[in-house]
Amino acid sequence: LVQQTKDLPLKGKSVIITAGGTKERIDPVRFITNDSSGKMGYSLAKAARNLGAQVTLISTTNQLPIPFGVAFVPVQSAAEMEKAVFAKFNDSDIVIMAAAVSDYRPKTEAAYKIKKTNEDLTLILEKTTDILARLGKEKKHQFLIGFAAETNDVETYAKDKLARKNANMIVANDVSQANAGFNKDTNEVIIYQPQLDPIHISVRSKDAVAEEILHAAINTLNL
Ligand code: CTP
Ligand code: CA
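Sequence order as written defines residue numbering, which begins from 1 separately in each chain. Following the order in which they are written, the chains are lettered starting with A and the ligands numbered starting with 1. Local features are withheld for residues below a pLDDT of 70 in this predicted model, meaning they are given only at 70 or higher, and side-chain atom pairs are given and counted only at 80 or more; totals for whole chains, interfaces and linings count all residues. No hydrogens and no water enter the side-chain calculation; it runs on all heavy atoms of the structure.

The protein is annotated in an unreviewed UniProt entry as Coenzyme A biosynthesis bifunctional protein CoaBC from Trichococcus palustris.

Novice: Help me out: how do you make sense of the packing of helix α2 (residues 39-50) against helix α6 (residues 206-220) in this one?
Specialist: In a pair of packed helices, the angle between the axes and the distance between the axes together describe the arrangement. Put simply, α2 and α6 touch, their axes get as near as 8 Å, and they point 60° apart. By the angle between their directions, the pair α2 and α6 is classed as oblique. α2 and α6 meet at a crossing whose hand is right-handed. On α6, the residues that touch Lys39, Met40, Ser43, Leu44, Lys46, Ala47 and Ala48 of α2 are Lys206, Asp207, Val209, Ala210, Glu211, Ile213 and Leu214. Residue classes follow a fixed rule: Ala, Val, Leu, Ile, Met, Phe, Trp, Tyr, Cys and Pro count as nonpolar, while Asp, Glu, Lys and Arg count as charged, and any other residue, Gly among them, counts as polar. Per-class residue counts for the contact of α2 with α6 are 8 nonpolar, 1 polar and 5 charged. To obtain an axis, a line is fitted to C-alpha atoms, over the contacting stretch when the element is a helix, and the angle between two such axes runs from 0 to 180 degrees between their N-to-C directions. Working definition: helices are DSSP H or I runs of at least four residues, strands are E runs of at least two. Numbering for both runs from the N terminus. By the definition adopted for this analysis, an angle is roughly parallel if under 35 degrees, roughly antiparallel if over 145, roughly perpendicular if from 65 to 115, and oblique otherwise. Here is the rule for handedness: rotate from the far helix to the near one, and if that takes an anticlockwise turn smaller than a right angle the crossing is left-handed, while a clockwise turn gives right-handed. Any pair of residues with heavy atoms lying within 4.5 Å of one another is described as a contacting pair.

Novice: Would you mind showing me how to read the coordination of the calcium ion (ligand 2) here?
Specialist: Ideal donor angles around a metal are set by the shape: a four-donor tetrahedron calls for 109.5 degrees, a six-donor octahedron for 90 or 180 degrees. Only nitrogen, oxygen and sulfur atoms qualify as donors, provided they sit within 2.8 Å of the metal or within 3.2 Å for Na, K and Ca; with water excluded from the atoms, sites may seem incomplete. Taken together, Asp103 (OD) and Asp103 (OD) make up the protein donors of the calcium ion (ligand 2), found 2.5 to 2.6 Å from the metal. On the secondary structure map, Asp103 appears in the loop between β6 (94-97) and β7 (104-106).

Novice: Teacher, can you tell me more about the nonpolar core here?
Specialist: Burial of nonpolar side chains together is a common tendency in soluble globular proteins. Of all hydrophobic cores here, the largest spans 33 residues; its most connected members are Ile17, Leu44, Ile96, Ile145, Met169 and Ile213. Listing elements by their share of this core, those giving two or more residues are β1 (14-19), α2, β4 (54-59), β6, β9 (143-150), β10 (169-174), β11 (186-192) and α6. A total of 7 residues in this core trace back to one element, the largest contributor, which is α6. In contact with Ile17, other than residues within four places in its own chain, are Gly41, Leu44, Ala45, Ala48, Val55, Thr56, Leu57, Ile58 and Ile96. In this text, buried Ala, Val, Leu, Ile, Met, Phe, Trp, Tyr and Cys residues form a nonpolar core when linked through side-chain atoms within 4.5 Å. Think of it in three bands: with a 1.4 Å probe and only protein chains considered, a residue is buried below 20% of the maximum accessible area for its type, exposed above 50%, and partly exposed in between. Counting residues in hydrophobic clusters, the runner-up holds 23 residues, among them Phe89, Leu144, Ala148 and Val154.

Novice: I keep staring at the site of ligand 1 and nothing clicks. Help me out?
Specialist: We call a residue near a given molecule or strand whenever any one of its heavy atoms falls within 4 Å of it. As a structural note, the neighbourhood of ligand 1 is formed by 16 residues, with Met97, Leu132, Phe147, Lys161 and Lys165 the closest of them. Polar contact criterion, stated in full: a pair of N or O atoms within 3.5 Å, where within protein one must be able to donate a hydrogen and the other to accept it, and residues adjacent in sequence count only if both atoms are side-chain atoms. Between ligand 1 and Met97 there is a distance of 2.8 Å, counted from an oxygen atom to a backbone nitrogen or oxygen. Here an oxygen atom of ligand 1 and a backbone polar atom of Ala99 are 2.8 Å apart. Per-residue and other accessible areas were derived by the Shrake-Rupley procedure at a 1.4 Å probe size, with only the shown protein chains allowed to occlude residues. For ligand 1, the protein covers 78% of the area, taking 570 Å² as the surface of the free molecule. For cavity detection a 1 Å grid was placed over the protein atoms alone, and a set of points counts as a cavity when a 1.4 Å probe fits there but cannot get out; an open set counts as a pocket when protein lies on both sides within 12 Å along at least five of seven lines, with lining residues being those that have an atom within 4 Å of a point. Grid points define the cavity or pocket, and a molecule sits in it when more than half of its atoms lie within 2 Å of them. The cavity that encloses ligand 1 is the largest pocket. Those elements that place two or more of their residues in the shell around ligand 1 are α4 (131-138) and β9. Tallying contributions element by element places β9 first for the shell around ligand 1, with 4 residues. Partitioned by chemical class, the residues of the shell around ligand 1 number 8 nonpolar, 4 polar and 4 charged.

Structure follows, in structure tokens:
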């Protein structure tokens, strides 16, 4: 039994993972999105499942196979993702915001396809909810893991996000690097946690990076 608990440190734990870039509708045939593939989130879902967790994967993509043994919740927009995350939040132990959530959405969604005219078109965007920051405000026992995709000043921005969002961990990557970030099969990250030294994970597959992230969390949680 001791051996079993050691192999499955997340047994009995409920883990929410978000993945992919959100899609913010302009009209019935157009949306705003970003370059996120969802791969890091899917790797985390598989790794958490393999460590014994009950995993809920909240995803915007249908381009990746749904990992076996994972509860799958398809969403599109930041607002749908927020709703799905908070529906499960009270019963969860770890939340991993691997999704690239749009910071802005069109203020209105046109009911019909927007027709072209001879004038310029101005699209007004409004802020979405910062899901991770709201989780940070409302958390009780939950361990919150966020990501920070940066092109410069990685450490400063990552530490700022850790504090500002009241997260327990920020996984930072430099998306200007060839082997890291959006739409790649590999990643290289630095894990920041309050009061702990940063952990540098050198370049490797996203599956292997996912295992390292979860091991860091398991370590900090003493599981
Ligand atoms: N995030 C979120 N809700 C948003 C925006 C971001 O939950 N509306 C989460 C992301 O899933 C990620 C973390 O916050 O885990 C950091 O996202 P990032 O885009 O790097 O940071 P922002 O706070 O949006 O700041 P900026 O884009 O200006 O760097
Ligand atoms: Ca952002």
